[in-house]
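# Breakdown of the fold
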Amino acid sequence: MNQQKRGKIIVIGGIIIFVAIVIFSIIFFIIDSQKTATLHTIIAPSFAKMTIDGKNYPINNDLRLKPGEYTVTIAANDFGTQERKLILQEHQTTVLALYLNPNEGDPFNWYETHDEEYAYYLSAANYIANESAANYAAKYPIVTAIPFTIVEVDPVTYDWTEYSVTGGNFDGCKTDFCVKITDTTGGNREKAIQKIREKGFNPDDYQIIYEYTPIEPLN
């Protein structure tokens, strides 16, 4: 093979390699540009393994994925496995926070006695608690204003008024949340309801449980 032919082959080979690199780069860019959703994970223990639709991913990192529905499985030796269904939205960050329970013993005790894992546990537990509180407040906005207690004394007659308003699931509650008025001096149900209105909430949006609990006199 003469020098000229060898040169042509080298040039053609170089062109083919260059075109292949360009095509690969374009394909990679297209695929990567479709990953517009972010998954942020807060998981304990730190050695747990995470699979998303059967593919392994690192935990406690931000992952860029295509928007859509995924099945996420978290597992670790000697720990119970957890599976979650997640829907990742375009240009939004979804947080997955959880901690695995050991197969034996109390979870808190296990993490507390493993210093290197305790911080991961606290981060996950705190996020879960805060998220639960936020969801609860979103579902029942009145919890931002209760509980409260009113104590009033008429400066002329010295009549004493006392009642408190709380929220939760009480005996007689037909749903998982009711507003309870506990009246210790009597006759304050309407005053309590008016006070709820003054705080910017409609009492009609909630089941009201009224309870008269007089204060027992001291002997």
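Everything below is about the structure shown above.
Residues numbered from 1 in each chain as written. Predicted model: local features only at pLDDT ≥ 70, side-chain atom pairs only at ≥ 80, totals over all residues. Heavy atoms only, no water.

### A few points about the state of the cysteines
Put plainly, two cysteines are in a disulfide when a covalent bond ties their sulfur atoms together. One pass over the full model with this rule turns up one disulfide. Two residues share a disulfide in this structure: Cys-173 and Cys-178, whose sulfurs sit 1.9 Å from each other. Judged by the sign of its S-S torsion, about 100°, the bond between Cys-173 and Cys-178 is right-handed. The same class applies to Cys-173 and to Cys-178, which are both buried. (Disulfide = S-S within 2.5 Å. Buried < 20%, exposed > 50% of the residue type's maximum accessible area, 1.4 Å probe, protein only.)

### Structural notes on the environment of Glu-162
In this fold, Glu-162 is placed in strand S9 (residues 160-168). Overall, the relative accessible area of 19% leaves Glu-162 in the buried class. Spatially, the C-alpha atoms of Glu-162 and Gly-186 are 8.2 Å apart, while their sequence positions differ by 24 residues. If we ignore the near neighbours within four places in the chain, the residues touching Glu-162 are Ile-150, Val-151, Asp-183, Thr-184, Thr-185, Asn-188 and Ile-215. In terms of polar contacts, Glu-162 uses its side chain to reach the side chain of Thr-184, at 2.7 Å. (Helix = DSSP H or I, 4+ residues; strand = E, 2+ residues; numbered from the N terminus. Contact = heavy atoms within 4.5 Å. Polar contact = N/O pair within 3.5 Å; in protein donor to acceptor, adjacent residues only side chain to side chain.)

### Examining the pairing of S9
Strand direction decides the pairing type here: strand S8 (residues 148-153) and S9, joined by six bridges, are antiparallel. Paired with Val-151 across the two strands is Glu-162, which belongs to S9. Counting the residues between successive antiparallel strands, the hairpin from S8 to S9 contains six residues, one of them, Tyr-158, with a positive phi of roughly 65°. Relative to strand S10 (residues 178-183), S9 runs antiparallel, the two being bridged by six bridges. The residue of S10 that forms the bridge with Gly-167 is Val-179. (Pairing = 2+ DSSP bridges.)

### A closer look at unusual backbone geometry
Residues Ala-44 and Pro-45 are joined by a peptide bond in cis, for which omega reads 0°. With respect to the secondary-structure elements, Pro-45 resides in the loop between strand S1 (37-44) and strand S2 (49-52). Of note in the backbone geometry, Asn-60 takes a positive phi value of approximately 55° without being a glycine. The residue Asp-78 is not glycine, and still its phi comes out positive at about 70°. Residue placement: Asp-78 occurs in the loop between strand S5 (68-75) and strand S6 (82-88). Note on Asp-78: relative accessible area 61%, which makes it exposed.

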